[in-house]
Amino acid sequence: MTDTLPTTTELDATALLQAYRTMRTIREFEDRVHAEFATGEIPGFVHLYAGEEASATGVCTHLDARDSIASTHRGHGHCIAKGVDVKEMMAEIYGKQTGSCRGKGGSMHIADLSKGMLGANGIVGGGPPLICGTALAAKIQQTGGVGVAFFGDGASNQGTTLEALNLAAVWNLPAVFVAENNGYAETTSSTWSVASDNIADRAAGFGMPGVIVDGFDFFAVHEAAGEAVARARAGGGPTLLEVKFTRYYGHFEGDQQTYRADEVAKARETLDCLKRFRARVTETGQVAGDDLDAVDSEVAALIEDAVVAAKSAPKPTESDLQTDVYVSY
Ligand SMILES: Cc1ncc(C[n+]2csc(CCOP(=O)(O)OP(=O)(O)O)c2C)c(N)n1
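This write-up is about the structure you can find in this document. Per chain, the residues get numbers from 1 upward, laid out in the order the sequence is written. Only residues with pLDDT of at least 70 get local features here, since the model is predicted, and only at 80 or more are side-chain atom pairs given and counted; chain-wide, interface and lining totals rely on the full set of residues. Excluded from the side-chain calculation are hydrogens and water; included are all heavy atoms of the structure.

Turning to the layout of surface pockets, a few remarks are in order. Only protein atoms enter the calculation, which uses a 1 Å grid: trapped sets of points that fit a 1.4 Å probe without letting it out are cavities, open sets showing protein on both sides within 12 Å along at least five of seven lines are pockets, and any residue with an atom within 4 Å of a point is a lining residue. Grid points are joined across faces, edges and corners, and a volume is the space filled by probe spheres set on the points. If you add up the space inside the largest pocket, you get close to 450 Å³. Lining the largest pocket are 15 residues, with Cys 101, His 109, Ala 111, Leu 113 and Val 327 positioned closest to its centre. Polar here means any residue outside two lists: the nonpolar Ala, Val, Leu, Ile, Met, Phe, Trp, Tyr, Cys and Pro, and the charged Asp, Glu, Lys and Arg; Gly therefore counts as polar. Split into classes, the residues belonging to the lining of the largest pocket amount to seven nonpolar, five polar and three charged.

Right, let's get into the side chain of Asn 121. Helical segments are the DSSP runs of H or I of at least four residues, strand segments are the runs of E of at least two, and each set is numbered from the N terminus. Here Asn 121 lies in the loop between α4 (86-93) and α5 (127-141). Relative accessibility decides the category of a residue: with a 1.4 Å probe and only protein chains considered, values under 20% of the type maximum give buried, values over 50% give exposed, and everything between is partly exposed. For Asn 121, a relative accessible area of 12% corresponds to the buried category. By definition, residues are in contact when any of their heavy atoms lie within 4.5 Å. Among residues more than four places away in sequence, those in contact with Asn 121 are Ser 71, Thr 72, His 73, Met 108, Gly 126, Gly 127 and Leu 130.

Strand pairing is defined by DSSP finding a minimum of two bridges between the two strands. One open sheet accounts for five strands, arranged β1-β2-β3-β7-β6; its pairing is parallel. With one partner strand each, in any of the chains shown, β1 (68-70) and β6 (210-214) form the two edges of the open sheet. Between one strand axis and the next, the sheet turns through 20 degrees on average, direction left out of account. Judged from the six bridges that link them, strand β3 (residues 175-181) and strand β7 (residues 239-244) form a sheet pairing that is parallel. Residue pairing in the sheet places Asn 181 in a bridge with Lys 244 of β7. The axes are straight lines fitted to the C-alpha atoms, using for helices just the contacting stretch, and the angles between their N-to-C directions are given from 0 to 180°. Sheet strands touched by helix α2 (residues 53-60): β1, β2 (147-152), β3 and β7. Its angle to β2, the strand with the most contacts, is close to 170 degrees. Of the strands in this sheet, β1, β2 and β3 touch α5, which is tilted by about 175 degrees from β2.

Any pair of aromatic rings gets described here by the distance separating the centres and the angle formed by the planes. Classification of ring pairs rests on two measures: the distance between centres of Phe, Tyr or Trp rings, Trp counted by its six-membered ring, which must be within 6.5 Å, and the angle between planes, read as stacked under 30 degrees, edge-to-face over 60 and tilted in between. For the structure on display, the rule yields six aromatic pairs. With a centroid separation of 5.3 Å and 80 degrees between ring planes, the pair formed by Phe 218 and Phe 219 is classed as edge-to-face. A relative accessible area of 2% places Phe 218 in the buried class. Using a relative accessible area of 4% as the deciding quantity, one classes Phe 219 as buried. Taking 5.4 Å as the distance between ring centres and 70 degrees as the angle between the ring planes, the aromatic pair formed by Phe 218 and Phe 277 counts as edge-to-face.

Here's what the structure looks like:
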């Protein structure tokens, strides 16, 4: 939680720009979906990830094609960080045929198995057990792959999550459990619902390392996640990371947020992960401000294109209801 210079010195300018591009893409995507949702054109429930970009990005920077992630109902950031096509994601959110799941999943069920993205998930606590499955498969097949489960503070109280932590430890799985503690499960404060000061403290009960990270600091997340992923790949077993931050929007789009006060404005102003990243890399001379500005423009154009394409794409037809119902193995 300190503001010291990055110890993750292996990130060169190209890698730093890529990390910034990912975080900026998530932010732009989320801000745009927020605005578009208000027009009434987007069907279904939408839960936004803005403010939490450093977590998905800091973790997924360490992952490659061997690795898989399981997400939550707040899954857009995880998808983008794992490389799911942004245009397909936007089309999916609009419920269109060109979407990642042909418009039949929507925001809460975007999945792309070809990218190791097992799916956003409407079931709170649904991701951790899935990751035990992929991590076990990776271990048995000796692929060197790692499974990463993202889940919220609310999900940390689900039996499924606690069982998954136990199994992962018992089976010594190549897994990383990332508890994204944004302070609330819907309207319930984690200070009220989590029976320990920190979710990471629970790791001791499973005999695995538990690490608390400042979720507004990309470098802190990147460093902690790097250690956890490396340990998992080397056969050292699972880690529980707790990433703490504030979500910028309501629990879902349309949430009146009567349960919280001015913490969001303060976080946006003083803690924001993109502002902190920009300040750090420009102050150290690692990346020029102009290069970051160029990424901003490139990302803005990408999101604009994605929205235009999504709006004009066809909806699924009645016969599409009969496809993708069963999966053959
Ligand atoms: C098994 C299950 N129980 C309850 C719900 C309803 N629900 C949806 S989101 C949510 C809160 C989740 O909070 P948290 O895990 O902290 O994630 P966050 O929304 O803060 O990212 C709940 C209770 C659900 N979708 N699934």
